[in-house]
Amino acid sequence: MQLKCSQNVFHGLVTAFILFTSCLVAVMPAHTNELLDKPTKEITLAVGVSIPPYINIETQQGVESQIIREAFGKEGYKVKLKFLSTQGIFNNFKALQVDAMLVSRSKDNLDGEVQSAFLSSAIINYHNYAISLKNANHQLANIKSLSQFRVIGFSSATKVLGDEFAEAIDKSKLYREVAEQTDQVIALYRNMVDVVIADPVIFSHFQYKLKEAFGEYHEVTMHDLFAPSPRHITFRNRIDRDSFNRGLNKIKANGRYQAILAFNSENFTYLINQRKL
């Protein structure tokens, strides 16, 4: 009799539990079911150390990182950023220490450096300029003109900006590349170089930081010599690449991508408007 009562209690508890969980499933919102279908996966993404305000190493925020996180999030991914030098990015990718890398490189330029590279759709365009001090009054009509000047570029600029640029700086009076782009501003201000090769948004960000810290600011001229450089994520496998592309398409379709760019464009305009610095 006691055993039978115990069995009845047990079956009653099991039945109650089943009913309770059924009710929970019934009231779960649709997006919860979607998340259950897409278990969270973490992607380790290698990025450059010196590309604020697109991605800021201190806050890990910025227009580019926001687009990347939200596109991945649409497909159930979380992103861990790993900040490295340009060579460190490639070394980590080849050594299987990261799942993907963010670079301004075409697949043609990647061949021979990495194997099984799957490039995403373009995330955003950088647009590099030749930048000189305004009072120097340098005239740069085209890329070949750079051969007459002392030039400082960003890391891997010769691979990003193509053969014509590589040939021009090979004949220049001086050419060097730096990973920390704040060094470009200092070198220009100190007359160590004549021309800086940089995205004006990044350059102006460091101009503002130097003005904020030391009160020093010099007007510059932006020479538009280069085509925009699309930014891609290079993935180790096709599945992650395809998932990211789907997420990117979703935030473009629902207007979120445009909203991120619109919100940040005010800050970018502030940075590159010389009169406001």
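Undergrad: Whenever I open this one, the packing of helix H3 (residues 63-73) against helix H10 (residues 238-253) confuses me. Can you help?
TA: Across the interface, H3 lies against H10 with an axial gap of 7 Å and an inter-helix angle of 105 degrees. One element, H3, and the other, H10, form an angle in the roughly perpendicular class. Residues Ile67, Ile68, Glu70, Ala71 and Phe72 of H3 form the contact with H10, whose participating residues are Phe244, Gly247, Leu248 and Ile251. Residue composition of the contact of H3 with H10, by class: 7 nonpolar, 1 polar and 1 charged.

Undergrad: How should I be thinking about the packing of aromatic side chains in this particular structure?
TA: Each aromatic ring pair is specified by the distance between its two centres and by the angle formed by the two planes. For the structure shown, the criterion picks out 7 aromatic pairs. Geometrically, the ring pair formed by Tyr54 and Tyr126 is stacked, given 4.1 Å between the ring centres and 20 degrees between the ring planes. Residue Tyr54 is found in the loop between strand E1 (41-48) and H3, and its partner Tyr126 is found in strand E5 (residues 124-126); the two are separated by 72 residues along the sequence. Tyr54 sits in the buried class, given a relative accessible area of 4%. Taken together, a centroid distance of 6.0 Å and an interplanar angle of 45 degrees make the contact between Phe235 and Phe244 tilted.

The rules we used
Residues numbered from 1 in each chain as written. Predicted model: local features only at pLDDT ≥ 70, side-chain atom pairs only at ≥ 80, totals over all residues. Heavy atoms only, no water. Axes fitted to C-alpha atoms, helices over the stretch in contact; angles between N-to-C directions. Helix = DSSP H or I, 4+ residues; strand = E, 2+ residues; numbered from the N terminus. Parallel < 35°, antiparallel > 145°, perpendicular 65-115°, else oblique. Contact = heavy atoms within 4.5 Å. Nonpolar A, V, L, I, M, F, W, Y, C, P; charged D, E, K, R; others polar. Phe/Tyr/Trp six-rings, centres within 6.5 Å; stacked < 30°, edge-to-face > 60°. Buried < 20%, exposed > 50% of the residue type's maximum accessible area, 1.4 Å probe, protein only.

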